[in-house]
Each structure stands twice: as structure tokens, then as C-alpha cells.
Amino acid sequence: MLPSRPSNGLSRRRFLARASSGLAATAAATLLPRALRAAPEMRRVGIVLVGLGNYATRELLPAIQESQHLKLVGVVTGSAEKGRTWAREHGFPERNVWSYAEMARLADTPEAELVYVVTPPALHAEHTIAALRAGKHVICEKPMAVSVAECDQMIAAAAAAARSLAIGYRLHFDPYHQELIRRAREGTDGPYVAMSGGFGFTMARKVWRAERALAGGGPLMDVGIYALHEACLAAQANPIALTARERPKKRPDLFVDVEEALDWTMEFANGGRAELFTSYADNMNRFRAEGSRGWIELDPAYSYRGLKGRTHEGPLSYPLVRQQTLHLDALALALRQGTPIPTPAALGRRDMVIVEGIYASARTGRRVTLQY
Ligand code: NAD
């Protein structure tokens, strides 16, 4: 069934944060699991934000401030003035404000250990590789890049520098998604073989997200990627093939060289299927997975806060968390302790193989088999 189109446009930011509206900022306190609270003796990991846009400012900065194991030690920004304001307000030296062109100088800053790349996707590879070459660990936002070839270059750069590369898949640290993953791993509902859902919002005006040159694609790159990632988590497998169909554009003036909306079906080796959807013309934020013994549904599924979930046994209810704080603290702990990092680059590359497959199928009208 098609999601209904709302009468008024809803910005992406408001849509993602909507479920949390009404919460006072102070009430958005993170409830950290005991394991992430411990180790007060551990030296905090110095983190540098690259790109001080909406997500970095509104979500990642508070997450770092709330974290147990991180400390903001610098920024990379196109505005030196903005950088100096951040330095004053957040307590790091003005010498730790760099432009994008100066990222190689991170190498001379030992307190900068981890770099968070939060620029538009077409710049992820360049900024990630620059940080890795400067000897820093990196967490890069989703989508990892705009092509599998770029993902390969980023992974090669991490290997050459012997540094870690993670992707900002924050939902791995949300309790509703952790319950879905637990049920999938333990086979609580039987293997999930019927999955459905999607992620879309109504884009009110043209921004870089609707420009191929910066975004690499349309809503699939930006939000559809959540739905395909979730289906892989639910299936506990990567799809072997897919078929995709681009929907006719309602506003071709806004979506000149990217899709406005896409449907796709992913097939898994065990016969499981995922029917998924993404759009910049419809609001949708849900995921459902069914097995032979039961089901789980999340709606809203992908927001920062205020997720809701239920299973065939009844509603799920978990405490409020800040996903990004939990994610970043887990990453910092793994870096300090030398254990495997959460949400590694391989997941970002896997998702880009699927994204390229979806675009190829939508273009040709053919079923595409996926090679990873
Ligand atoms: P934004 O437009 O608010 O911020 C982008 C930042 O990149 C700005 O500071 C901008 O100045 C900078 N930038 C550097 N070079 C640029 C250029 N050539 N053109 C445009 N901007 C340039 O966007 P955002 O919403 O903060 O998204 C940034 C990244 O974070 C994207 O990769 C996006 O996919 C990701 N993101 C992830 C989540 C999540 O939930 N994980 C949520 C929002 C955004």
C-alpha cells in the first residue's frame, strides 16, 4: 500500500526528530548500559568533527558531550570563523580548527585520534582518505560513499594506514533494533522471510540531497539505505538478487538527476524477500519482519528518538537513549581496548553494492544478481 502524502512539506530534520518533539532537551539524557559507563581511568578518545552542518551540530555534538569516552578536540570546517566559535564554546584550542584543504595537518595533532566525517556523501571518500592518511581512525556517515569503487579505496586507505574505519549506522545502538537483531539471531520468530517497510519524507525545497553531484543519488542514498540495512539485519544475510522500479516523478523540476521515489524487492538465499520503498515525496518510516512463528514491527523505525515497536506478543517499550552516544562510546572503547569496532566499513560497502544493484535494476528493468 502506498503511504499517504501529507498536505504540507515536512523537513527531513523535523521528520527524523519529530517523534522526540515535546521532550525537553534535559530529558533526552542517555541511559548508558553499565558496560559503557565503566573504566573512568580510560583516557578519552579525542574526536574531530569534519563538517559542522545540521547532523554534526544538532545530534553529534550533544552525543559527544554526553559521552563517557570521547572529547571534542577540533573541527574541520569551511568557515574559520565558525570553527573559532566552536573552539571557544567547546573548549579546544583555535589551532585545532582546520579547513578541508588542511586535513593533512591532523597528522601533527596527536590528541586528535578519531575523525568523524559528516559532509555530503560525494565528499566522504576524499575526507575519509585524508584523515586516514593523517594516521587517524575514522567514522564516516552513511552512505559510506557514492560508489563501491570509492568504498574500496577507503577500505584500502584504512588498511594501508593500519587504522579503523567505521560507518555511522547509529541504529545498531537503539534498543528496538537490538531487540530485532536479537530475535533474528536467536530465531525467536523463525527466520524472517517476509520483510517490508521503507523510509521517505517530503522534501519541501531543493537541497544538496537532491543533487547527484553531492548526494550520489536521491532518497535511496539518504534514507532508503536504512531500510535495506535493516532487512539485512533481520535476514541475518545479504541479499543475493533484487529487482527495482523507479516511480514516475511528480516534481521533476526538483529531482532533475536523481530518483524521487523507488520500490525494490530483495531476495535472500533462503527464499526470504524484502519489499522496500524510499521517497522524497511521501512520508514513511517503518519496518516489519515476519517469520513462521511471529513478527516484529517498528514504526517509527529509523528516527533518532521516540521509536515504537511491537511484536505478535504485544508492544515493546524501552528507555530513551541517544543512539549516537552509545555508538560513539562503543567505538571509543573498541579503539582503546583493541577489540573489533562496531559498524565496520564492510557494512557500508555491502550496502553500496546493494544500492548500485538497485540503480542498475531500476535503469534496465532487469533482475540483478549481487556480487559482493
Ligand atoms: P548539512 O548540509 O546540514 O551539512 C553538511 C556539511 O558539509 C556542512 O557543514 C557543509 O558546510 C559541509 N560541506 C563541505 N563541503 C561541502 C560542499 N561542497 N557542499 C555542501 N556542503 C559541504 O547535511 P547533514 O544533514 O548534516 O548531513 C551530513 C552527512 O551526515 C551526510 O552524509 C548525511 O547522509 C549524514 N547524516 C546522517 C544522519 C544519521 O542519522 N546517521 C542524519 C543526518 C545526516
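Refer to the structure printed above.
Each chain has its residues counted from 1, running along the sequence as written. Reporting in this predicted model follows two pLDDT cut-offs: at least 70 for local features of residues, and 80 or more for side-chain atom pairs to be given and counted; totals over whole chains, interfaces and linings ignore these cut-offs and use all residues.

J.: Break down the site of the ligand for me, citing the residues and quoting the values.
T.: The environment of the ligand is made up of 19 residues, and the closest members are G51, G53, N54, Y55 and E141. The way it works is that DSSP assigns letters per residue, a run of H or I at least four long becomes a helix, a run of E at least two long becomes a strand, and they are numbered from the N terminus. If one sorts the elements of the shell around the ligand by residue count, helix α3 (residues 54-66) sits on top with 3 residues. Taken together, the residues of the shell around the ligand sort by class into 9 nonpolar, 6 polar and 4 charged. Three or more residues apiece are contributed to the shell around the ligand by two domains, here domain 1 (16-169) and domain 2 (175-319 + 347-369). The criterion for a residue being near a molecule or strand is simple: its C-beta atom, placed using the backbone, must lie within 6 Å of it. Under the scheme applied here, ten amino acids are nonpolar (Ala, Val, Leu, Ile, Met, Phe, Trp, Tyr, Cys and Pro), four are charged (Asp, Glu, Lys and Arg), and all others, including Gly, are polar. Here the bounds of each domain stem from an automatic or database domain assignment.

J.: Please provide a residue-by-residue account of helix α9 (residues 219-235), values included.
T.: Over its 17 residues, α9 runs 23 Å from end to end, which matches the ideal 24 Å to within 8%, given 1.5 Å per residue. At any given residue, the bend is defined as the angle formed between two axes, one fitted to the seven residues that end at that position and one fitted to the seven that begin there. Where α9 bends most, the angle comes to about 45°, and this point is I225. For every residue, the other C-beta atoms within 10 Å of its own C-beta are counted; 20 or more classify it as buried, 12 or fewer as exposed, and values in between as partly exposed. C-beta atoms are placed from the backbone. Most of α9 sits out of view: 17 of its 17 residues are buried. Where α9 terminates, the next one or two residues include Q236, which has phi positive at roughly 55°. One fewer than the residue count of a helix, multiplied by 1.5 Å, yields its expected span.

J.: Mind laying out the environment of S317, listing which residues take part and the relevant values?
T.: Inspection of the secondary structure assignment puts S317 in the loop between β14 (314-316) and α10 (323-337). When the C-alpha positions of S317 and P175 are compared, they lie 9.0 Å apart, and in sequence the two are 142 residues distant.

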